[in-house]
Structures are given as structure tokens and as C-alpha cells.
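If you want the building blocks of each chain, they are given just below.
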Amino acid sequence: MKSIFLWMIGTGLMLFQAGMLWAQEEEPKKVELHGYVKYLQTTTITGIPGIPPTTTNNLIHNRLNFAWYPNQKWTVAVEARNRFFYGEQIKLDSTYGDQIDQYNGLVDLSVRWMDNRYALAHSIIDRAYINYATEKWDVRVGRQRINWGVNLVWNPNDLFNAFNFFDFDYEEFPGSDAIRVQYYPGLLSRVELAVSPGRYDSTTVAAALYRFTVGTYDVQAIGGYYLGQVAVGGGWEGNLGNAGFKGEGTYFSPIEGQTQDTTDALGLAVTVDYLFGNGIYASAATLYNSDGGNINLAGGGLTGGLVGLRPSARNLFPATWTYFVQASGNVTPLFSVSGAVMYAPESAFGKNTSILIPTFTYSIKENWDIDLIGQIFLAELEPLPYQHFVSSAFIRLKWSY
């Protein structure tokens with residue numbers, strides 16, 4: 001097993017040498033190094049027969065972000081996350097390490113330092129790229145995040161990096177091994193082409209985006225090849241009066257012999273948000289997912305909490321119709337409160353699926369924050385009545401540097 005430090009050093013040196021060769025302008029060099037250290041304790045309470053009623057898990061999470069700017073046009077970046085898990089959930093789940101150590105990229109830049117019944121240590125380089133930018137062009141090669149979505153919760157346009165809304169502790173979100181080229185023909189327009197090659201057709205994504213304005217709206221159209229399927233869609237961002245109004249949708253059509261999916265699928269998400277004069281921000285969203293009868297959970301079911309959901313652009317949440325409302329605001333300059341509810345009349349979990357998400361954040365001092373977050377899951381799973389199934393309470397302490 002290769003050491004993650006060798007990976008970091010080797011990748012960093014290659015990117016450094018490439019940047020040196022391509023940097024042509026005589027300008028001062030600039031280097032940035034920042035990141036954070038977090039401690040997260042998770043307590044999960046279940047009402048599922050045969051499962052321990054209460055389990056705990058602990059995570060120490062360190063992130064390192066390195067960037068070098070040889071001149072105004074070139075950027076070289078390497079970013080890594082290092083995590084150390086321990087607690088009862090690891091003891092109860094023998095596949096915990098396999099769930100954590102998953103990445104669909106071409107190159108495996110991760111390592112499990114420790115994986116036993118008591119603890120798991122895992123490191124991964126989730127960003128490593130070279131970027132060249134001019135007034136009209138932007139070219140990035142390497143492991144990067146390609147975000148085409150416009151919504152907060154669900155992004156059917158996010159062909160390259162679909163994310164799990166409940167996995168709040170990964171603010172950077174997953175990346176892809178890809179080549180991305182952006183061209184700006186005008187001040188408010190953009191043409192983008194991205195390719196994320198996989199080992200097989202079923203793991204390859206290649207698509208294009210065109211973003212432009214129509215009146216007061218920003219509009220985008222996308223199309224391409226997505227994991228053995230043809231994907232065509234678009235999105236918009238604008239205002240309805242004083243409220244924000246945005247949405248996106250993508251239609252997926254499988255190519256015979258290139259994917260296990262056999263039927264066409266449509267994902268459509270719409271969001272309306274509003275900022276009140278007293279500083280309270282509120283939003284409401286809905287998702288239509290024609291493929292919502294399917295489910296993909298890590299660890300088998302919800303015993304590990306909602307962070308185990310593994311969505312794709314084709315299947316963002318296992319329900320045909322899902323609704324979401326959220327409100328947030330500051331109680332004091334240092335203390336903020338947020339509350340959200342997600343509801344699905346019918347889902348792969350059961351009827352009347354409801355998820356409550358209260359969040360409390362306090363800024364202890366500069367660069368120090370503490371969060372208390374809840375994820376409460378209720379549903380009606382025949383023959384059982386509507387009841388509580390899983391709740392997770394998270395306490396997180398974060399120091400940024």
C-alpha cells in the first residue's frame with residue numbers, strides 16, 4: 001500500500017514542475033496553505049428492532065489546502081483530508097472502512113492507515129489540479145469539483161459531482177478526475193466542456209454546458225454522456241418579485257449495453273427563496289424524481305443515519321416527489337439558528353417520510369465554531385405505523401487556520 005505522504009509529495013512535485021515549465025511571466029510567486037481541524041461526535045438513536053437503540057461515533061478531521069500561484073494565469077493546487085474514526089458504530093459494522101474508502105476516480109489517492117474493530121484512519125487527496133486562466137479561457141486538469149447545479153438541496157444538472165445534502169461535514173463536496181475547459185464569449189455567457197474518463201463506459205461522464213441570459217434570468221443548457229446514458233437538461237436562476245426563483249432538470253436515456261438502467265428517467269428540482277428585512281432567510285424546494293423507487297444506501301438501510309445516502313444525478317433522493325422548507329437567522333451576531341423539514345409522501349423508506357433538521361451554530365471566537373445539528377427520521381413502514389426510525393445528533397467543534 002502506497003503511503004499517502006508519497007502520493008502527496010509525488011503529485012505536488014509533478015504539479016510544481018509542470019507549473020514551472022508553463023509559467024512564462026516574471027511575477028512574484030504566491031503560496032497559500034490553509035485548512036481546518038474538526039472534532040465531530042455523532043450519537044445515533046434507532047427504533048429499529050434488532051439494532052442497538054443508541055450508538056456513538058467520533059471523528060477527528062483535518063484538511064490541508066495548498067495552492068501555488070506562479071503568476072496571474074496559472075494555479076497549482078493540492079488538497080487532502082485526513083480522518084480518524086472511533087466508536088461503537090465501527091465495532092458494529094465490519095464494512096465501515098469499505099464505505100469510507102470509496103472513490104470512483106481513475107487514480108486511487110487514498111489509504112487506510114488503520115482499519116479494525118476499534119478505529120479507522122483514512123486519508124485522501126480529493127483535489128489535485130493545474131489551472132490556466134485568461135480573460136476568455138479557463139482550463140483545469142486534474143482532480144477537481146465541477147458544479148453545474150443551481151439549487152441548494154438537489155441538483156439534477158450536477159452530472160459530475162452529485163452530493164448528499166445530509167453529509168454536512170464535507171463542505172468541499174466530492175471531486176472528479178477530469179479535464180474542464182471554459183470559454184467566456186461575453187460578459188454574461190459561458191461555454192463549458194468537461195470530460196471525466198472512467199475505467200469503463202459505465203463510469204465515464206462527458207458533457208457540455210452553455211450558460212447565457214434571457215431578460216433578467218441566467219439560463220443554462222447541458223447535454224452529454226453520463227455513465228452509459230444520454231443526458232439532456234437545463235436550468236435557470238432569476239427572481240419572482242423580490243424572491244429568488246431557480247430550477248433545473250435533466251432527462252436520462254440509457255444506451256443499450258452500456259448501463260444497468262433500462263428505463264428513461266427525469267429529475268426536476270425547483271427552489272424559491274426570500275430574505276426578510278429582519279435578516280431571516282427562508283427557502284422552499286421540491287424534487288420530482290421519476291427514478292425515485294430505487295434506493296442506494298451504504299451500510300444497508302438507515303442504521304448508520306442519513307449520511308449513508310449515495311445519490312447520483314439520476315437519482316438524488318429515493319422518492320418520486322420530495323418537498324423541503326428551511327429558515328435560518330441570527331439570534332445574536334455570534335449565534336445562529338436554522339430549521340429544515342424534508343417530506344416525501346411515498347419513498348423507498350416508507351410512507352410519509354419526514355426528516356427534521358435543526359441546526360445551532362455559535363462562534364466561540366475568531367476561527368473557532370461549535371455546531372449542534374440534528375437529523376430526525378420518521379416514516380410509516382407497513383405493517384408498522386408512522387413512527388420514529390433513526391435520529392442522529394451531531395456536536396462539532398471546528399478550528400480554521
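Our subject is the structure that appears above.
Everything in this summary refers to the structure shown in the same document. (Residues numbered from 1 in each chain as written. Predicted model: local features only at pLDDT ≥ 70, side-chain atom pairs only at ≥ 80, totals over all residues. Heavy atoms only, no water.)

### Some thoughts on the side chain of arginine 180
Relative to the assigned elements, arginine 180 resides in strand β7 (residues 176–186). Sequence-distant contacts of arginine 180, that is, excluding residues within four places in its chain, are made with Asp138, Val139, Arg140, Gln144, Arg145, Ile146, Glu192, Leu193 and Ala194. (Helix = DSSP H or I, 4+ residues; strand = E, 2+ residues; numbered from the N terminus. Contact = heavy atoms within 4.5 Å.)

### Concerning the pairing of strand β15 (residues 321–332)
With 8 bridges joining them, strand β14 (residues 281–289) and β15 adopt antiparallel strand pairing. Residue leucine 287 lies in a different strand from β15, and its bridge partner there is threonine 322. In terms of strand pairing, β15 meets strand β16 (residues 335–346) through 9 bridges, oriented antiparallel. Its bridge partner lying in β16, glycine 329 is registered against valine 337. Hairpin connection from β15 to β16: 2 residues lie between these consecutive antiparallel strands. (Pairing = 2+ DSSP bridges.)

### Examining the pattern of salt bridges
Scanning the entire structure with this criterion turns up 21 salt bridges. Ionic pairing is found between glutamate 171 and lysine 38, a salt bridge with its closest N-O pair at 3.0 Å. Within this pair, whereas glutamate 171 is found in the loop between β6 (137–144) and β7, its partner lysine 38 is found in strand β1 (residues 30–46), the two being separated by 133 residues in sequence. Among the residues examined, glutamate 171 registers a relative accessible area of 31% and is labelled partly exposed. (Salt bridge = Lys/Arg side-chain N within 4 Å of Asp/Glu carboxyl O. Buried < 20%, exposed > 50% of the residue type's maximum accessible area, 1.4 Å probe, protein only.)

### Considering the environment of tyrosine 132
Mapped onto the secondary structure, tyrosine 132 falls in strand β5 (residues 119–133). Residues tyrosine 132 and threonine 75, 57 residues apart in the sequence, show an inter-C-alpha distance of 6.6 Å. Once you skip the residues sitting within four places of it in the chain, tyrosine 132 turns out to touch Lys73, Trp74, Trp137, Asp138 and Val139.

### Observations regarding the nonpolar core
Judged by nonpolar contacts, the single largest core of 22 residues is most densely connected at Trp154, Phe166, Phe317, Phe324, Met342, Ile355 and Phe377. Mapped onto this core, the elements with two or more residues apiece are β14, β16, β17 (351–365), β18 (368–380) and β19 (386–400). Considering every element that reaches this core, the biggest residue donor is β16, with 3 residues. When sequence neighbours within four positions are dropped, the list of residues in contact with isoleucine 355 reads Phe166, Leu306, Phe317, Ala340, Val341, Met342, Ile376 and Phe377. In this structure, Trp148, Ala207, Leu209 and Ile222 belong to the second largest nonpolar core, which totals 15 residues. (Core = buried A, V, L, I, M, F, W, Y, C linked by side-chain atoms within 4.5 Å.)

Interpretation in functional terms is not warranted from these geometric data alone.
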